[in-house]
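# Understanding the architecture of this molecule
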Amino acid sequence: MSAQFAAPTDAAIPIDVIASDQFETFEQQAAPETVAWAKANGFTGKLGQVLCVPSGSGISRALVGWGTEKTRTRDRLHFGYAAVKLPEGVYAIASGLEDDALNEAALAWLLSGYVFDRYKKKSAPKARLVAPQGVDAARIEAIVAGDFLTRDLINIPASDMGPEALEAAFLKVAQEHGATAQAICGDDLLAQNFPMVHAVGRASDQAPRLLDMVWGDDTAPKITLVGKGVCFDTGGLNIKPGASMGLMKKDMGGAATVLGLAHMIMTLGIRVRLRVIVPAVENSISAGAFRPQDVLTSRKGLTVEINNTDAEGRLVLADALALADEETPDLLVCKATLTGAARVALGPDVMPYYTDDDTLAAEIATAGAAVADPLWRMPFWEAYEGMIEPDVADLDNAPAGGFAGSITAALFLRRFVENTANFVHLDIYGWTPSAKPGRTKGGACMSARAMLEVIEARAAK
Ligand code: BES
Ligand code: MN
Ligand code: ZN
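Distances from the manganese ion (ligand 2) to its protein donors, namely Asp233 (OD), Asp310 (O), Asp310 (OD) and Glu312 (OE), fall within the range 2.0 to 2.2 Å. As a motif over one chain, the donors of the manganese ion (ligand 2) read D-x76-D-x1-E. In this structure, the manganese ion (ligand 2) lies 3.1 Å from the zinc ion (ligand 3), and both are coordinated by Asp233. Note on Glu312: relative accessible area 0%, which makes it buried.

Looking at ligand 1, there are 16 residues lining it, with Lys240, Asp251, Asp310, Glu312 and Gly340 nearest. Within the side chain of Lys240, an N or O atom sits 2.8 Å from an oxygen atom of ligand 1. For ligand 1, the accessible surface in isolation is 510 Å², of which the surrounding protein chains cover 79%. Among the residues forming the shell around ligand 1, the class breakdown is 4 nonpolar, 4 polar and 8 charged.

To continue, consider the packing of aromatic side chains. All chains considered together, the criterion is met by 11 aromatic pairs. Both rings, one in Trp381 and one in Tyr384, keep their centres 6.3 Å apart while their planes meet at 50°; by these two values the pair is tilted. With relative accessibility at 45%, the residue Trp381 sits in the partly exposed group. The aromatic ring of Phe194 is capped on one face by Arg299, whose charged end is 4.2 Å from the ring centroid. Above the plane of the ring of Phe380 lies Arg414, whose end atom (NZ or CZ) is 4.6 Å from the centre.

What follows concerns the coordination of the zinc ion (ligand 3). When four donors bind a metal tetrahedrally, each ideal donor-metal-donor angle is 109.5 degrees, and when six bind octahedrally, the ideal angles are 90 or 180 degrees. At the metal site, the zinc ion (ligand 3) is ligated by Lys228 (NZ), Asp233 (OD), Asp251 (OD) and Glu312 (OE), and these contacts range over 2.0 to 2.4 Å. For the zinc ion (ligand 3), the 6 donor atoms in the first shell make angles of 78 to 175° at the metal, a pattern classed as octahedral. When the donors of the zinc ion (ligand 3) are listed by position in the chain, the intervening gaps give K-x4-D-x17-D-x60-E. With relative accessibility at 1%, the residue Lys228 sits in the buried group.

This part is about the domain arrangement of the chain. Split by domain assignment, the chain resolves into domain 1 (13-132) and domain 2 (141-460). The centre of domain 1, based on its C-alpha atoms, is set 37 Å off from the matching centre of domain 2. On the side of domain 2, 21 residues touch domain 1, which itself brings 17 residues to the contact. In total, about 1600 Å² of surface goes out of reach between domain 1 and domain 2, with carbon and sulfur atoms giving 63% of it. The interface formed by domain 1 and domain 2 includes 3 salt bridges. Two residues, Lys436 and Asp75, come together in a salt bridge whose shortest N-O distance is 3.8 Å. At the junction of domain 1 with domain 2, the criterion picks out 8 residue pairs in polar contact (both at pLDDT 80 or more). Counting residues per element, the ones that place at least two in the side of domain 1 that touches domain 2 are α4 (80-85) and α5 (99-111). Here the residues of the side of domain 1 that touches domain 2 sort into 9 nonpolar, 4 polar and 4 charged.

The rules behind the values
Residues numbered from 1 in each chain as written. Chains lettered and ligands numbered in written order. Predicted model: local features only at pLDDT ≥ 70, side-chain atom pairs only at ≥ 80, totals over all residues. Heavy atoms only, no water. Donors = N, O, S within 2.8 Å, 3.2 Å for Na, K, Ca; no water. Buried < 20%, exposed > 50% of the residue type's maximum accessible area, 1.4 Å probe, protein only. Near = heavy atom within 4 Å. Polar contact = N/O pair within 3.5 Å; in protein donor to acceptor, adjacent residues only side chain to side chain. Areas by Shrake-Rupley, 256 points an atom, 1.4 Å probe, with all protein chains shown as cover. Nonpolar A, V, L, I, M, F, W, Y, C, P; charged D, E, K, R; others polar. Phe/Tyr/Trp six-rings, centres within 6.5 Å; stacked < 30°, edge-to-face > 60°. Lys NZ or Arg CZ within 6 Å of the ring centre and 35° of its normal. Tetrahedral: all angles 85-135°; square planar, octahedral: opposite > 155°, others 65-115°. Domains from an automatic or database assignment. Contact = heavy atoms within 4.5 Å. Buried area = accessible area lost by both parts, 1.4 Å probe. Salt bridge = Lys/Arg side-chain N within 4 Å of Asp/Glu carboxyl O. Helix = DSSP H or I, 4+ residues; strand = E, 2+ residues; numbered from the N terminus.

Following this line, the structure appears as structure tokens:
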């Protein structure tokens, strides 16, 4: 797989990007045999059409259909079509795209080059793109490398990506960038007061752990990323039905995504003091498993009644967020494959985010739209606080009834963030159900590009 652009060359095959309403102009301006070839092949500029124009010795140019404003804005990253449909060769965009569209096209192309071939030989798309003029190639490459890292970590099944392997992956990223990192493991979690990370993870053969890395300049804005690292979620004693358990290798998608984002931030050398915290556990079943109606005392001291062992993500995150909050970072970002309810509400493509800060919310919305990373704000709905307050403890991990499941999970997390003004939680999916341009089927790096924009802009202030 290539996460990189091809070296510039005069021999690159030119690509003309042609929107439906530009086809007439193309007809008037292009060489008659090119127009005839396009027509003979039914090329009209429809979105997703890709056509190579032959020359005596090979391909003289490639035409890429760009559709209409309506089809183009319905989804994004359409240039990914070209990357996967064009045959082997080095290409360069010659006409039809400018500025932001050109930038997005270059990104979409590289994002389409991912293949997960760890367990099976597969051929990657062979077409390569020369970075278009005016596009920050190194930046796009850093973003794509982070994105691919996330996809890999999610795609690797729990048999090879348990808490131990996730720790190794975490430490590897830290080491690559000269970050300091540590892992608190097993009973040390009790000694160092991470009781809920321990409780959730203790039934697994692989001990639970709390991973923590710090990078960058101490005097720079403190940005902390927290990611849910449930390497497999059986549901625990409240075992999931088969169909719901089927995808649960991806339940460390939050951890994978914050690692991908951290990789982007550190590669780009953004001036921040970055901290990444990942509770890495397996929500497993054995005699030692935590049970429904257990009451856990969290790091923060709040007690939690367990009403469903399948609502485990918020438990491990609660201790991680409490730790993060102890040093009052300037921005605290939590990413987690936290609820099925988020998917019921918004489906697999749009990620809900929660924050009390309207300025931050607007920055995130703008960034998401700018970089084709779909996000939608949802409310920390105060009136639902009562739903997470049971009789016997401070908090209930799984309110009966299940109304507003993504919101009540978010409210639960917020209880553990007291000092940090800028807190955002993203209830991500981490998975692409069926391939789309720029997005292969399987593990997905959602919300990282948007948050990178936000963090970069805040660092520059
Ligand atoms: N990891 C799941 C959430 C999930 C399920 C994400 C499916 C994506 C797809 C989480 O740990 C979970 O099981 N949540 C429960 C909470 C409930 C028991 C309160 C859920 O959403 O059903
Ligand atoms: Mn669960
Ligand atoms: Zn889970």
